[in-house]
Amino acid sequence: MRTQRQVVDYSLQRRALLAEVYSGRVGTMEVCDASPYLLRAAKFHGQPTDVQCPVCRKEPLTLVSWIYGDELKHASGSARSPEELAKLANLYEEFTVYAVEVCRTCSWNHLVQSYVLGTRGLRSGKPRRRTVAE
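Residues numbered from 1 in each chain as written. Predicted model: local features only at pLDDT ≥ 70, side-chain atom pairs only at ≥ 80, totals over all residues. Heavy atoms only, no water.

**Quick word on helix α3 (residues 36–45)**
Every buried residue of α3 is accounted for by Leu38, Ala41 and Ala42. Buried residues along α3 cover an arc of 100° about the axis, so they all sit on one side. Away from its buried face by more than 90 degrees, α3 exposes Pro36, Lys43 and Phe44. Looking at the buried side of α3, the elements it contacts are β3 (60–68), β4 (78–80), β5 (95–102) and β6 (109–117). (Buried < 20%, exposed > 50% of the residue type's maximum accessible area, 1.4 Å probe, protein only. Helix = DSSP H or I, 4+ residues; strand = E, 2+ residues; numbered from the N terminus. Arc of directions from axis to C-beta. Contact = heavy atoms within 4.5 Å.)

Structure (structure tokens):
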């Protein structure tokens, strides 16, 4: 997306957690703990991926995008599809998106990425004032 910024990737944390699971130091019941609300959001708002579940290996993971921001008011804390994210990015100045991968079979879930969307910082038609440092 054009307005995506402040991207944080959690793949190293995911890899470390899976290494703990595969070695037996962490049980699958500790990591396969998705709430019913998250599983329902994956069913209705999630985006299917080509990545197999790293725990049960039975089905592809589903990516769910959660949005948070003061400007969103009642919509804050809800799951949204990629199409809805694109529309919201043009309507609001700034909100944070948390992308969570979910397995609907074994309830594995992990935060994959977080980023900020919105119109804040986009150049408008008029030139902005330069600071002294520039």
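Here the narrative resumes, following the displayed structure.
**Section: the pattern of salt bridges**
Here the structure, examined in full by the defined rule, presents four salt bridges. Two residues, arginine 5 and glutamate 94, come together in a salt bridge whose shortest N-O distance is 3.5 Å. In this pair, arginine 5 sits in strand β1 (residues 5–9) while glutamate 94 sits in the loop between α4 (82–91) and β5, placing the two residues 89 residues apart along the sequence. Given the relative accessible area of 29%, glutamate 94 is considered partly exposed. With a shortest N-O distance of 2.4 Å, glutamate 101 and arginine 14 are connected by a salt bridge. Taken together, the residues span a long stretch of sequence, with glutamate 101 in strand β5 and arginine 14 in helix α1 (residues 11–23) at a distance of 87 residues. (Salt bridge = Lys/Arg side-chain N within 4 Å of Asp/Glu carboxyl O.)

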